[in-house]
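Chain by chain, the residues run as shown.
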Amino acid sequence: MNTVIFRTVAPYLAALMVLFSVFVLLRGHNEPGGGFIGGLIAASAIAIYGIAAGVDEVRKALVFHPIAVAGLGVFLAAIAGFMSLFVEAPFLKGLWLFLELSDGSELALSTPMLFDIGVYLVVVGAISSIALALEEDEETR
Amino acid sequence: MAGSASTPKNLDLPPAMIEGVTSVADWVIVWPIALPMLGAAVLLMARKRPEWQAPFAFVILLATLVANFMLYMRVQAEGPLTMTMGNWLPPYGISLTADALSALFSLVSAFILLIVVLFVQSEVETRENKYGYHSLLLLLLTGVSGGFLTGDLFNLYVWFEVMLIASFGLLIIGGRKIQLDGAVKYGFLNFLATTFFLIAIGFLYGLVGTLNMADIALKAPQVESGAIYAVAALFFLAFAMKGAAFPLNAWLPASYHAPDPAVSAVFAGLLTKVGVYALVRTHLLLIPQSHAQLQLVMEVVAAFTLILAPLGAMAQTNARRALGFLVVGGIGAMLAGLAIGSPTGVFGLAAYAVNSMLVMTALYLVVGLVERMGGTSDIRKLGGLYRANSWLSILFIVLVFAVAGLPPFLGFWPKMILVQAGVEVGNFWLVAFILLNSILTSIAGTRLWAHIFWRDGREGANSEQINERIRPLTTRAKVWGLLPAGALVAFIVVAGLVPQPLFKAGATAAFAIYEPAEYVGSVFGSLSAAEE
Amino acid sequence: MEIALSFLIGLFFTVAIYLLLSRSLIRMLLGIAIIGNGVNLLIFTIGRVTREVPPIVPSGEYAPLETIANPLPQALILTAIVIGFSLFAFLLVLTYRAYQELDADNTDTMRVAEPEDSPRPPLSY
């Protein structure tokens, strides 16, 4: 499994996968994609990097503990629901903000997107912590 | 197209969104769920700050308790309260609906968790080393409150799973062998129970085309097909398994003695009651015609649970396992209330559930202190604790009387109401079983007390020999362990001496179940308001 | 189509229940995975198998123009898949740890919490 080829390719593969996961996350509202699937892609990237480079390396690269990342995700998702408190609408109402950019295009920001980012972080955190725990176990054997 | 088929009145699709404003006061139904969830998230992020965890969790729980109390007062004063998520009109959006029953249970859950979080501080090890403990406790409360307050059947399934995940985490935190063992059994069987629940949801959706509880309550009684009874039976199977009723109770005594005493206490107080609550919801509100069909099954299950649970408790050498069986016995009493099915029966059920939540939590906390003193929960090796700590022995015997239902303690009143309900409908043999359960429970409980506290030494020791295993409680354990447990017991005693608030709460809760029109009205009220 | 799917669901449940009745934890895990898929298929079938037109409202319209696939069962299945997946992952890790710590992947030999030779309770009082 842990061949030279794999170890050489893994960092680039992982970087590409994380990039792709963000793309999938952001196109999610109106097209296939979204936080859950994006989070799974990113978690697989982390798992692949972990197999190639070792779990310690991954933990160093991640800076934050995966579970803390999941906590941030839950927090963001809940906050997305509370935004509607300010417009006197029920919990979790989708609110949209359209920003005109200088080149004339439009940037849509919304609470569903914030919610999806929260889901993304929860999935990345939870799945990668499980994957890393299993890999760590494999290493110490 | 099931979407438009489930519209209560034929609307155009554009006004499927709520028009007009939602008052900030209505958010009181969101806070009991959202506050612990936010708290859990923040504590997960603050994992490098173990010293923040406990105070923060305490503040969050205090705020949750206040929110629950406000919700309860509001529901008492104005009837059921509904908020439908995301500005959609019901039944498109997911509704949160609190009636007197759900608000009452949610309030008691928050109170119990507050006491337990104080108790947890008596375990130094927990506070400093076991990362995630407080956030998981908060997450568990999120799941429990969500389960009580949701007005959507599928959402109830989701909250069950939130509860399940949090309880998995709490079960294995610490990672001792016995915990892994207990968690495997707990995990598999509870996962199966929620799967049965999901199957039932699927069939019910196929029959009525909606998942909003109020909408189901409108449509399910008109379903002619006998399949609705199969759905009701599946619900009964799933929730009886969740509530650990005989013969599906195997997972409870197998796992509840494995984790920390504080975790056991929360589990005993909260988890099974959500199952019972869901039974009441599905069988008396959603599919009321099924009750007559399933009544015999419910009665038999209740009777077996009532008798076998205290007998099981007597056969245990581990004090906490014995308590696990007593939890199951309480479930039997609640099922008896459900089987009777009259408003008085549900009144007894609600009152008994409140009693069981408080008393079982307190019992586990007290046994947790006993374990701390004796270093074991094996009742053969315990003994003579009366001499070492007479306060603890008083707390324990009071709780034994309360759980057995002896006057004037809290447990007496719900049992009395249940007996009255049974006599009213002429179901004398179920009444006999309820009374027999009281006798057996008091034997099992006082036997525990006699072994742990009353006799002088351990098994086989002569009467002068003092049990050398017993160590006095540390000051920390006294302040953070004995005081919260004592406060909870004091609350139970006062509530037993002044039972009127319990009567009022239980009666309004039972009344709410038998007034589906109010429940439905609170969900679809916003709809008619939008039309006018 | 519904009838064929019903038989398939029945097959899923048969296999899953057979596996769940086994004593080996790995087989039980496979049973859990299969029963989860069976339930998802059940919800899908019960929402009626309609035309495979995605339930997307064209811009400028308020309602879909033709008969669409029922989106609700799909949303339910998606949620159930996510939850089932995470619980399955958890149970997998748990079983693995239990296998390492207790050296048991068989429910008959997994008796730490409920010892087989548990001593009798004291008979005094």
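No experiment lies behind these values; they were computed from the predicted model shown.

A. Structural view of the overall build of chain B. Helix and strand content of chain B: 22 helices and 2 strands. On the principal axes, the C-alpha backbone points of chain B span a range of 85 × 60 × 40 Å. Buried residues in chain B amount to 66% of all 532 residues. Relative to all contacts within chain B whose residues are 6 or more apart in sequence, the contacts with residues 24 or more apart total 82%. Split by element, the accessible area of chain B, about 16,800 Å² in all, is 67% carbon and sulfur. Here chain B holds 29 positive side-chain charges and 27 negative ones, and the gap between their average locations is 15 Å.

B. Expanded view of a nonpolar patch on the surface. All names here are of chain B. Taken together, the side chains of Leu-296, Val-300, Phe-304, Leu-308, Leu-311 and Trp-429 make up a nonpolar region of the molecular surface, amounting to roughly 530 Å² of accessible area. The leading source of residues in the nonpolar patch is helix α13 (residues 290-314), at 5 residues. Among the structural elements, Val-300 can be located in helix α13. Since its relative accessible area comes to 35%, Val-300 is described here as partly exposed.

C. Representation of helix α21 (residues 500-513) of chain B. All names here are of chain B. Spanning 14 residues, α21 covers 20 Å between terminal C-alpha atoms, matching the ideal 20 Å at 1.5 Å per step. Along α21, the positions that sit buried rather than exposed are Leu-502, Ala-505, Gly-506, Ala-509, Ala-510, Ala-512 and Ile-513. Buried residues in α21, looked at end-on, bunch into an arc of 155°, giving them a common side. Seen from the buried face of α21, the exposed residues on the opposite side, beyond 90 degrees, are Gln-500 and Lys-504.

D. Up close: the pairing of strand β2 (residues 95-98) of chain B. Residues and elements named next belong to chain B. The two faces of β2 match: Ser-95 and Thr-97 on one face and Leu-96 and Ala-98 on the other face are all buried. Here strand β1 (residues 81-84) pairs with β2 via 4 bridges, running antiparallel. Each residue of the ladder has a partner; that of Thr-82, found in β2, is Thr-97.

E. Structural view of the pattern of salt bridges. Residue and element names in this part refer to chain B. Considering all chains together, one arrives at 7 salt bridges over all chains under this definition. Between Arg-74 and Asp-26 there is a salt bridge; the shortest N-O distance is 3.0 Å. One end of the pair, Arg-74, is in helix α3 (residues 50-78); the other, Asp-26, is in the loop between α1 (2-5) and α2 (31-45), and 48 residues separate them in sequence.

F. Representation of the side chain of Lys242(B) within the structure. Among the secondary structure elements, Lys242(B) is positioned in helix α10 (residues 227-242). For the buried Lys242(B), no salt bridge is present, and the opposite-charge side chain at shortest range is Glu161(B), 6.2 Å distant.

G. Spotlight on the interface of chain A and chain B. Residue-level contacts link 19 residues of chain A with 21 residues of chain B. Of the roughly 1,800 Å² buried between chain A and chain B, counting both surfaces, carbon and sulfur atoms make up 79%. Across the chain A-chain B interface, the total number found is 0 salt bridges. Linking chain A to chain B there are 0 residue pairs in polar contact (both at pLDDT 80 or more). For the side of chain A that touches chain B, the residue count by class is 13 nonpolar, 4 polar and 2 charged.

H. Representation of the confidence of the model for chain B within the structure. All names here are of chain B. Mean pLDDT over chain B works out to 85, with 91% of the residues at or above the 70 mark. Looking across chain B, the model is least confident in α1, with a mean pLDDT of 38, and most confident in helix α6 (residues 133-149), with 93. Counting contacts from residues 527-532, a segment whose pLDDT is below 50, to residues more than four positions away or on other chains yields 5 contacts.

I. Region of the structure containing the UniProt feature "transmembrane region" (unreviewed entry) in chain A. Per the UniProt record, "transmembrane region" (unreviewed entry) is found at residues 12-29, 35-55, 67-87 and 107-134 of chain A. Taken as a whole, residues 35-55 of chain A contains 95% helix and 0% strand, while its terminal C-alpha atoms sit 25 Å from one another.

J. Focus on the packing of helix α15 (residues 343-374) of chain B against helix α17 (residues 390-404) of chain B. All names here are of chain B. Across the interface, α15 lies against α17 with an axial gap of 10 Å and an inter-helix angle of 150°. For the element pair α15 / α17, the angle class is roughly antiparallel. Between α15 and α17 lies a crossing of left-handed hand. Of the residues in α17, those in contact with Tyr-352, Asn-355, Val-359, Met-360, Ala-362, Leu-363, Val-366, Val-367, Leu-369, Val-370 and Met-373 of α15 are Leu-392, Leu-395, Phe-396, Leu-399, Ala-402 and Val-403.

K. Examining the packing of aromatic side chains more closely. Residues and elements named next belong to chain B. For the coordinates displayed, the defined rule picks out 33 aromatic pairs over all chains. Look at Tyr-186 and Trp-251: their rings are 5.5 Å apart centre to centre, the planes differ by 70°, and that puts the pair in the edge-to-face class. One end of the pair, Tyr-186, is in helix α8 (residues 177-208); the other, Trp-251, is in helix α11 (residues 251-255), with 65 residues separating them in the sequence. A relative accessible area of 2% places Tyr-186 in the buried class. Residue classification places Trp-251 among the buried positions, given a relative accessible area of 2%.

L. Spatial organisation of the nonpolar core. All names here are of chain B. Core analysis: the largest hydrophobic core is formed by 238 residues, its most contacted members being Leu-153, Phe-197 and Phe-235. Examining the composition of this core, we find that 21 residues originate from one element, α15, more than from any other. Discounting chain neighbours no more than four positions away, the residues touching Phe-197 are Leu-153, Leu-156, Tyr-157, Phe-160, Phe-235, Ala-238 and Phe-239.

M. Highlighting a negative patch on the surface. On the surface, Asp56(A), Glu57(A), Glu138(A) and Glu139(A) cluster together into a patch of negative charge. If you trace the backbone, Glu139(A) turns up in helix α5 (residues 111-140).

Criteria and cut-off values
- Residues numbered from 1 in each chain as written.
- Chains lettered and ligands numbered in written order.
- Predicted model: local features only at pLDDT ≥ 70, side-chain atom pairs only at ≥ 80, totals over all residues.
- Heavy atoms only, no water.
- Helix = DSSP H or I, 4+ residues; strand = E, 2+ residues; numbered from the N terminus.
- Buried < 20%, exposed > 50% of the residue type's maximum accessible area, 1.4 Å probe, protein only.
- Contact = heavy atoms within 4.5 Å.
- Areas by Shrake-Rupley, 256 points an atom, 1.4 Å probe, with all protein chains shown as cover.
- Lys, Arg positive; Asp, Glu negative; His and termini not counted.
- Charge placed at Lys NZ, Arg CZ, Asp CG, Glu CD.
- Patch = residues over 30% accessible without salt bridge, like charges linked within 9 Å, V, L, I, M, F, W, Y side chains within 5 Å.
- Salt bridge = Lys/Arg side-chain N within 4 Å of Asp/Glu carboxyl O.
- Expected span 1.5 Å × (residues − 1).
- Arc of directions from axis to C-beta.
- Pairing = 2+ DSSP bridges.
- Buried area = accessible area lost by both parts, 1.4 Å probe.
- Polar contact = N/O pair within 3.5 Å; in protein donor to acceptor, adjacent residues only side chain to side chain.
- Nonpolar A, V, L, I, M, F, W, Y, C, P; charged D, E, K, R; others polar.
- pLDDT = per-residue confidence, 0-100.
- UniProt positions renumbered as here; feature names shortened; annotations may be inferred.
- Axes fitted to C-alpha atoms, helices over the stretch in contact; angles between N-to-C directions.
- Parallel < 35°, antiparallel > 145°, perpendicular 65-115°, else oblique.
- Left-handed = near helix turned anticlockwise from the far one by under 90°.
- Phe/Tyr/Trp six-rings, centres within 6.5 Å; stacked < 30°, edge-to-face > 60°.
- Core = buried A, V, L, I, M, F, W, Y, C linked by side-chain atoms within 4.5 Å.

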